[in-house]
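Notes for the structure review
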Amino acid sequence: MAHDKIKRGALVVVEGLDRAGKSSQCELLYRSLLDMNYKTEYIRFPDRSTPIGKQIDSYLRGQSQLGDHSIHLLFSANRWEVAQSIQDDIAKGITVIVDRYSYSGAVYSAAKGNPNLSLHWAWQPEVGLPRPDLCLFLSISPEEAAKRGGYGVERYETDSMQKRVRDLFLSLLDLPHNDEICVIDAGRPVDEVAQDILEPVLECMKNVDSIGSLKKLA
Ligand code: Z5A
Ligand code: MG
């Protein structure tokens, strides 16, 4: 008897600058896909609930100190600890929405200006993780982001750090192997941004079979 092959889910990552609205848009996208009866999961990094995530949370709040390389590898390990479950969900036909991923991982660590922690070095622990089918990069000007409230108390929330993060993110977008990245103007009303996100996501979900099996970050 012939078995129908389950159509795999899509791996959709939402990245972008601080206060670009990533978490708001992930939540809206998740609800929209569920309303359309698509099997969907929503995860975020850092996942502060795991033992590694708790160490990251403590570091970000300034409650513990770690070297730049150590915290970098913990952020990466926090992704590796769910890499298999992401792959399993995708194989079961579940579309997985991810709030921040390896791009944030590489950029924030490299933005610290440590001469022994280049963007190239920072990318290496990400190699082999599931590669997104689509990465939506939410772009926002510093002026527009400033209107969304001041910085909180976490470690990377300073003007100088955010400027370097912005420049590094923009340099990553130019790399030729990042053809899954789609830039979205996030400085507009929430529902307009949501509409611009939903279209490419639905298109990606429709086309996953032609993309083939889930790839790995290189
Ligand atoms: N980090 C790292 O170093 N290495 C890694 O590997 C990873 C992360 C994964 C915490 O991340 C820090 O970890 C972060 C990067 C680093 N450091 N910094 N800075 P996080 O993801 O937990 O950060 P967050 O607290 O969620 O902040 P965020 O991501 O920058 O915010 P957002 O998700 O983009 O925005 P939002 O929470 O949806 O919205 C922000 C506000 O704007 C809120 O009041 C909304 O109501 C408002 N908003 C949203 N959309 C709009 C529109 N369209 N118009 C007007 N107002 C809006
Ligand atoms: Mg967020």
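Please refer to the structure higher up on the page.
To keep things clear, this report deals only with the structure shown in the data block. Since the structure is predicted, the reported quantities are computational estimates derived from the model, not experimental observations.

**Some details on the overall build of the protein chain**
Along the backbone of the protein chain there are eight helices and five strands. Counting from the amino terminus, the protein chain carries its helices and strands in the arrangement β-α-β-α-α-β-α-α-β-α-α-β-α. Here the C-alpha radius of gyration of the protein chain, 17 Å, is about what a compact globule of 218 residues would show, namely 17 Å. A fraction of 83% describes how many contacts in the protein chain between residues 6 or more apart in sequence connect residues 24 or more apart. Accessible surface for the protein chain amounts to roughly 11,000 Å². Of this, 54% is attributable to carbon and sulfur atoms. When the 26 positive and 31 negative side-chain charges of the protein chain are each reduced to one mean point, those points stand 3 Å apart.

**What to know about the side chain of D18**
Examined against the element boundaries, D18 turns out to sit in the loop between strand 1 (11–16) and helix 1 (22–35). Filtering out sequence-adjacent residues up to four positions away, D18 remains in contact with R100, Y108, I140, A145 and Q162.

**Observations concerning the packing of aromatic side chains**
Tallied over the full model, the rule gives seven aromatic pairs. On the numbers, 5.8 Å between centres and 25 degrees between planes, the contact of Y108 with Y156 is stacked. Here Y156 lies in the loop between helix 6 (142–147) and helix 7 (159–173) and Y108 lies in helix 4 (residues 102–110), a separation of 48 residues in the sequence. When its relative accessible area of 8% is taken as the criterion, Y108 is described as buried. Here the aromatic cluster, defined as three or more aromatic residues joined through ring pairs, consists of Y59, Y108, F137, Y156 and F169. Over the ring of Y59 we find R155, and its NZ or CZ is 3.7 Å from the ring centre.

**Considerations on the site of ligand 1**
The full set close to ligand 1 counts 26 residues, and D18, K22, S24, R100 and R188 are the nearest of them. Relative to its free-state accessible area of 1,100 Å², ligand 1 is covered by the protein chains to the extent of 79%. A majority-of-atoms criterion places ligand 1 in the largest pocket. Listed by contribution, the elements that provide at least two residues to the shell around ligand 1 are helix 1, helix 3 (68–91) and helix 4. In terms of residue class, the shell around ligand 1 is built from nine nonpolar, six polar and 11 charged.

Here is what the cut-offs are and how they apply
Residues numbered from 1 in each chain as written. Chains lettered and ligands numbered in written order. Predicted model: local features only at pLDDT ≥ 70, side-chain atom pairs only at ≥ 80, totals over all residues. Heavy atoms only, no water. Helix = DSSP H or I, 4+ residues; strand = E, 2+ residues; numbered from the N terminus. Rg over C-alpha atoms; globule rule 2.2 N^0.38 Å. Contact = heavy atoms within 4.5 Å. Areas by Shrake-Rupley, 256 points an atom, 1.4 Å probe, with all protein chains shown as cover. Lys, Arg positive; Asp, Glu negative; His and termini not counted. Charge placed at Lys NZ, Arg CZ, Asp CG, Glu CD. Phe/Tyr/Trp six-rings, centres within 6.5 Å; stacked < 30°, edge-to-face > 60°. Buried < 20%, exposed > 50% of the residue type's maximum accessible area, 1.4 Å probe, protein only. Lys NZ or Arg CZ within 6 Å of the ring centre and 35° of its normal. Near = heavy atom within 4 Å. 1 Å grid on protein atoms, 1.4 Å probe; cavity = no way out; pocket = protein on both sides within 12 Å on 5 of 7 lines; lining within 4 Å. Sits in = over half its atoms within 2 Å of the grid points. Nonpolar A, V, L, I, M, F, W, Y, C, P; charged D, E, K, R; others polar.

Purely geometric stuff here, so don't read any function into it on its own.
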